[in-house]
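Per-entry structural report
Residues per chain, in single letters:
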There are 2 protein chains.
Amino acid sequence: MAGTPLLNELRAALGPDAVLTDPDLLRMHERDEADLCAAGTPLVVVRPRSTEEVVAVVRAAGRHGVPVVPQGARTGLAGAANAVDGAVVLSTVAMDAVVEIDPVSRIAVVQPGVVNATLAAAVAKRGLWYPPDPGSWESSTIGGNVATNAGGMCCVKYGVTTGYVLGLEVVLASGEVLRTGRRTAKGVAGYDLTSLFVGSEGTLGVITEVTVALRPAPAESLTMVAVFPSTATAGEAVAQIAARGLSPSLLELLDRTHLRAIEAYRPMGLRTDAEALLLAAADTGSRAAEDLAELAGVCEAAGADEVYAATDAVEAAALLQARRLAHPAMERFAADAYPDGNGGLVIDDVAVPRAALAALLDGVARIAAECAVPIGVVGHAGDGNMHPNIVVDRADPASLERGRRAFDEIMRLGLDLGGTCTGEHGVGLLKRDWLAREVGPVGMRVHRAVKAALDPTGLLNPGKVL
Amino acid sequence: MAGTPLLNELRAALGPDAVLTDPDLLRMHERDEADLCAAGTPLVVVRPRSTEEVVAVVRAAGRHGVPVVPQGARTGLAGAANAVDGAVVLSTVAMDAVVEIDPVSRIAVVQPGVVNATLAAAVAKRGLWYPPDPGSWESSTIGGNVATNAGGMCCVKYGVTTGYVLGLEVVLASGEVLRTGRRTAKGVAGYDLTSLFVGSEGTLGVITEVTVALRPAPAESLTMVAVFPSTATAGEAVAQIAARGLSPSLLELLDRTHLRAIEAYRPMGLRTDAEALLLAAADTGSRAAEDLAELAGVCEAAGADEVYAATDAVEAAALLQARRLAHPAMERFAADAYPDGNGGLVIDDVAVPRAALAALLDGVARIAAECAVPIGVVGHAGDGNMHPNIVVDRADPASLERGRRAFDEIMRLGLDLGGTCTGEHGVGLLKRDWLAREVGPVGMRVHRAVKAALDPTGLLNPGKVL
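Residues numbered from 1 in each chain as written. Chains lettered and ligands numbered in written order. Predicted model: local features only at pLDDT ≥ 70, side-chain atom pairs only at ≥ 80, totals over all residues. Heavy atoms only, no water.

**Structural notes on the packing of helix α11 (residues 313-324) of chain A against helix α12 (residues 326-336) of chain A**
All names here are of chain A. Closest axis-to-axis distance for the α11/α12 pair is 5 Å, and the angle between their directions is 45°. By the angle between their axes, α11 is oblique relative to α12. Contacts between α11 and α12 involve A322, R323 and R324 from the former and A326, H327 and P328 from the latter. Split by residue class, the contact of α11 with α12 holds three nonpolar, one polar and two charged. (Axes fitted to C-alpha atoms, helices over the stretch in contact; angles between N-to-C directions. Helix = DSSP H or I, 4+ residues; strand = E, 2+ residues; numbered from the N terminus. Parallel < 35°, antiparallel > 145°, perpendicular 65-115°, else oblique. Contact = heavy atoms within 4.5 Å. Nonpolar A, V, L, I, M, F, W, Y, C, P; charged D, E, K, R; others polar.)

**A word on unusual backbone geometry**
Most peptide bonds are trans, and most residues other than glycine sit at a negative phi. Here E201 of chain A, not a glycine, exhibits a phi torsion of approximately 55°, which is positive. For E201 of chain A, the position within the fold is in the loop between α7 (193-197) and β10 (206-213). Positive phi is not limited to glycine here, since R106 of chain B has a value of about 55°. Mapped onto the elements, R106 of chain B comes out in the loop between β5 (98-102) and β6 (107-110).

**A closer look at the UniProt feature "domain: FAD-binding PCMH-type" (unreviewed entry) in chain A**
Look at the UniProt record and you will see "domain: FAD-binding PCMH-type" (unreviewed entry) annotated at residues 38-217 of chain A. Taken end to end, residues 38-217 of chain A is 22% helix and 24% strand, and its two terminal C-alpha atoms sit 41 Å from one another. (UniProt positions renumbered as here; feature names shortened; annotations may be inferred.)

**Digging into the interface of chain B and chain A**
The partner chain A presents 77 residues to the 77 residues of chain B that form the contact. Counting the surface lost from both chain B and chain A, the interface buries some 5,700 Å², and carbon and sulfur atoms represent 62% of this. When the buried surface of chain B facing chain A is broken down by residue, K186, V188 and Y191 of chain B rank first, second and third, together holding 17% of it. At the boundary of chain B and chain A, one finds four salt bridges. The partner of R445 of chain A in a salt bridge is E176 of chain B, with the nearest N and O atoms 2.2 Å apart. Connecting chain B to chain A are 24 residue pairs in polar contact (both at pLDDT 80 or more). Listing elements by their share of the side of chain B that touches chain A, those giving two or more residues are β9 (177-181), α7 (193-197), α8 (231-243) and α15 (432-454) of chain B. (Buried area = accessible area lost by both parts, 1.4 Å probe. Salt bridge = Lys/Arg side-chain N within 4 Å of Asp/Glu carboxyl O. Polar contact = N/O pair within 3.5 Å; in protein donor to acceptor, adjacent residues only side chain to side chain.)

**Examining the relation of the copies chain B and chain A**
One copy of the chain maps onto the other through a rotation about an axis followed by a shift along the same axis. Screw-axis analysis of chain B against chain A gives a translation of 0.0 Å along the axis, an RMSD of 0.0 Å, and a rotation angle of 180°. Look at the turn and shift together and you get a two-fold axis relating the two. The share of interface residues of chain B whose copies in chain A are also at the interface is 100%, consistent with both copies meeting through the same surface. (Least-squares fit on C-alpha atoms with pLDDT ≥ 70 in both.)

**Notes on the pattern of salt bridges**
Residues and elements named next belong to chain B. Evaluated as defined, the whole model comprises 44 salt bridges over all chains. Taking the shortest distance from any N to any O, the salt bridge between R271 and E306 comes out at 2.1 Å. Linking R271 in the loop between α9 (256-265) and β14 (276-282) with E306 in strand β15 (residues 306-309), this pair joins segments that are 35 residues apart in sequence. Overall, the relative accessible area of 26% leaves R271 in the partly exposed class. Using a relative accessible area of 29% as the deciding quantity, one classes E306 as partly exposed. The salt bridge involving R287 is made with D291; its shortest N-O contact spans 3.6 Å. (Buried < 20%, exposed > 50% of the residue type's maximum accessible area, 1.4 Å probe, protein only.)

**What about the pairing of strand β13 (residues 250-255) of chain A?**
All names here are of chain A. Of all six residues making up β13, six are buried, and the element is well covered by its neighbours. When β13 meets strand β14 (residues 276-282), the two strands line up antiparallel, connected through six bridges. Bridge pairing in β14 links L250 to A281. With two bridges joining them, β13 and strand β18 (residues 375-380) adopt antiparallel strand pairing. Bridge pairing links L253 to G379 in β18. (Pairing = 2+ DSSP bridges.)

**Observations concerning helix α10 (residues 288-301) of chain B**
All names here are of chain B. Between its first and last C-alpha atoms α10 spans 20 Å; for 14 residues at 1.5 Å apiece the expected length is 20 Å, and the two agree. Buried within α10 we find A288, D291, L292, L295, A296, V298 and C299. For α10, the angular spread of the buried residues around the axis is 160°, confining them to a single face. Facing away from the buried side of α10, by more than 90 degrees, are the exposed residues E290 and A301. (Expected span 1.5 Å × (residues − 1). Arc of directions from axis to C-beta.)

**As for the environment of H327 of chain A**
Following the sequence through the fold, H327 of chain A ends up in helix α12. Apart from the residues lying within four places of it in its own chain, the contact partners of H327 of chain A are E33 and I347 of chain A.

**Some points on the sheet that holds strand β3 (residues 68-71) of chain A**
All names here are of chain A. One open sheet holds the four strands; their spatial order is β1-β2-β4-β3, and the pairing between them is mixed. On the outer flanks of this sheet lie β1 (19-20) and β3, each paired with one strand and no other. The pairing of β1 with strand β2 (residues 44-46) spans two bridges and is classified as antiparallel. Counterpart to L20 in the pairing with β2 is V45.

**Examining the sheet that holds strand β2 (residues 44-46) of chain B**
Residues and elements named next belong to chain B. Strand order in the open sheet formed by four strands is β1-β2-β4-β3, with mixed pairing between adjacent strands. Each edge of the open sheet carries a strand with a single partner, namely β1 (19-20) and β3 (68-71). Sitting on the sheet, helix α3 (residues 51-64) is in contact with β2, β3 and β4 (88-91), with an inclination near 165° to β4.

**Quick look at the nonpolar core**
Membership of the largest hydrophobic core comes to 129 residues, with the highest contact counts inside it found for F228 and L278 of chain B. When residues of this core are assigned to their parent elements, the largest contribution, eight residues, is made by α15 of chain B. Other than its neighbours up to four places away in sequence, F228 of chain B contacts T233, A234, A237, A274, E275, A276, L278, C299, A302, G303, A304 and D305 of chain B. Core analysis: the next-biggest nonpolar cluster, separate from the first, contains 59 residues, L361, A368, V373 and L430 of chain A among them. (Core = buried A, V, L, I, M, F, W, Y, C linked by side-chain atoms within 4.5 Å.)

**Re the domain arrangement of chain A**
Residue and element names in this part refer to chain A. According to the domain assignment, chain A contains domain 1 (4-91), domain 2 (98-216) and domain 3 (222-416). For domain 1 versus domain 3, the separation of C-alpha centres amounts to 36 Å. Looking at the side of domain 1 facing domain 3, the largest losses of area belong to D35, L36 and L77, adding up to 93% of the total buried there. Counting the contacts that link domain 1 with domain 3 gives one residue pair in polar contact (both at pLDDT 80 or more). Taken together, the residues of the side of domain 1 that touches domain 3 sort by class into two nonpolar, no polar and two charged. (Domains from an automatic or database assignment.)

**Focus: the packing of α8 of chain B against α10 of chain B**
Describing two packed helices takes the angle between their axes plus the distance from one axis to the other. All names here are of chain B. Viewed as axis vectors pointing N to C, α8 and α10 meet at an angle of 135°, and their least axial separation amounts to 9 Å. It follows from the interaxial angle that α8 and α10 lie oblique. In this structure, the crossing between α8 and α10 has a hand that is right-handed. Within the contact between the two elements, α8 uses A237, Q240 and I241 and α10 uses L295, V298 and C299. Looking at the contact of α8 with α10 residue by residue, the class counts come to five nonpolar, one polar and no charged. (Left-handed = near helix turned anticlockwise from the far one by under 90°.)

**Section: the pairing of strand β5 (residues 98-102) of chain A**
Residues and elements named next belong to chain A. One ladder, built from four bridges, connects β5 with strand β6 (residues 107-110); its direction is antiparallel. Note on β6: the bridge partner recorded for V98 is V110. Adjacent in sequence and paired antiparallel, β5 and β6 are bridged by four residues, among which R106 carries a positive phi angle near 55°.

**Some thoughts on empty space enclosed by the protein**
Residues and elements named next belong to chain A. Taken as a whole and judged by the stated rule, the model has one cavity of 30 Å³ or more. Along the walls of the largest cavity sit V225, L254, L259, L270, L277, L279, L319 and A322, which together make up its complete lining. Elements represented by at least two residues in the lining of the largest cavity include exactly β14 and α11. Classifying every residue of the lining of the largest cavity gives eight nonpolar, no polar and no charged. (1 Å grid on protein atoms, 1.4 Å probe; cavity = no way out; pocket = protein on both sides within 12 Å on 5 of 7 lines; lining within 4 Å. Points joined across faces, edges and corners; volume = space filled by probe spheres on them.)

Given below as structure tokens:
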């Protein structure tokens, strides 16, 4: 067997328990949660426990010319963690130590396999907060969050992952260990290599340690819901909220398709007759009630049928939970939409400048009609970052083709509106063509030059992003 | 004359008025405000008015193998904008248009020669705010601010320049025009090339357009002063402020040397008997008085002799103005400290994790004693980013040597405390050796690989950073 010398080297370096070749385990590690993406069968899955072991894996794979595909919890939605045939899948899940929490410098140092929720809980005990909260936060790892520059619901006020990454330890394709960045609040020593690795989807190096900035825990938030007669009026409310200089700590949109899907999945009395619902929160402490009232006023002026505030923390948590259920509920809804559970969901992700949100929502409705596919829309309205979710019949090639066309049309629309083909899910395998359209030929040449500078033989995560 | 064919090409492309060869003008463009740095005499200074003209300059210089040194307002403090002999100095000051302000998407698009204060005023008229406020903000340009990733006083709460740069247009060494980033609040399409150019000090490309994120204008702030019997107790107060989860909108430290220098420069009744003064502000609207009282309480508990709040906006502005005068006042103080105005100031810039601030301040005092040079300390205490300013006698080689030794010892101390050799002033020529120490051999190899990928012939700002 061709891979045997490599396997022997890996076993010698990591011990047999960290080198997995069981076919079921290999299959389990073939792909992340993205649809429409190819995935191969790896030669082996390794679970190093230290930077030194990651170095050993990368060097051994390099010697044998076998590609290395880094993986976290495989919750990604662009295929960036998908295996290629014969590759070494390098899973960082066993590197799961919270190394340090420093409440005065407001930083934490963690290994890449630490689950987002675990870090959140660990720093909360010290009165601190790690804001980035992707939908997958209960299972996704910080390493994966950094590699994909994960977003989430709190970004509208507190920004995405890259804003919290101060420094990294990275194993390069050469096997060298690079330390980037710093432990300080500010620093301008050299090029910003830290940000270059954030969001690079495992194509430039394997992240082995992350130094993150923390914030003080926010005040408890007050939450409200506004019910709209159309998605476009909800989009208009979002624009007005921005224009008025308001800073909600949450500003999410759910359309009727999602409201119905959630209500069917877990009944909680949502207004399923509404065309769109905005969920907003204010975490400004003694000023929160006032800020929430101002948000409510803007929503009413923009055409909301009804606005109501959560009466207590329990109701607020239930509303947040409804939003968090949008993804699994819509998956279920899609599966049930066609016979034999053959329905499937193609999850898109597009971001436009806030001023163009209403036009994006209108456009998606038009695309759904033109392509004759159901599309539900949910997402981070306050950031102009929406997830149009396309329902297809997996057993019907024509339906799949219409879904694929709608998927592309939505990205075209996003770019036409001055936006980006991916607000937070990344490029991976799913959007390589769209990346090329978005950044153009000069942009692609620079991307390739940077990749070649750091990984000249294309060892790391080949075929992703570029 | 060797340069004549190039000059003719430049005149043909830009018109004669934008191609300066007057010896006085050349001399004026030789250097920025950094001390201790070499500077050469350029062949020519060009002032292109458009991206196309920048392309023409870079292509012509490239054909003739003549280096290009980009310059903004030359207010930098690391020599990054210093000319090299025979170079084309490319000044972006004539590209000074505010292209667009969009209050809903909260972005502005500006040319690189727009002065920071001009942008601030333009967006303020629309109820918006561009936070980065380097000391030079009344004269420095956005292009220079981006190229150096400028900091300032508001960073303690609102972050540095890179946090506000969404996208760039950059002319590469090849003459190609690269567009990076986006106009959206979020986006993860491809590598974060935007952040790579931010802070790269003109070594990777010439910035020709900047898309910045804006914030709503903050509430008016309340300001207080705490007077300390030692710099270390002031540093301890800063650590306690962070540990308590407080978020002042300003947290600056001035030591006795600076207080006396400011009072001599422009008398305003500062407590010149104090060893250190902390200036703090809260901009939390209806909660500001409460937050200011909490900051005051922490300062008192840490050992402040006296704490007083500014009674009105006029007094608060005067305190801020005192802080803003620290740099020119200290320059004057240094000049007057030795006969014939031969005194000079060597401005250092170091950042440590907040928890190490008191140790940094203690260490700087020890270094001043050991090296037998006066050192005043001022800076952004809340970020752990201090400017130890070293007074030397320019006419005395021994004094210069002691100053240089203190400068190096301070950076060594900063690194030993887990910090960085530059918090906000950059590397330029001044700190190339220290960058190499801070990032190590692997880090330097990666820096060089990135530089070579983008500028293989070393056309742009040679000798800077690396």
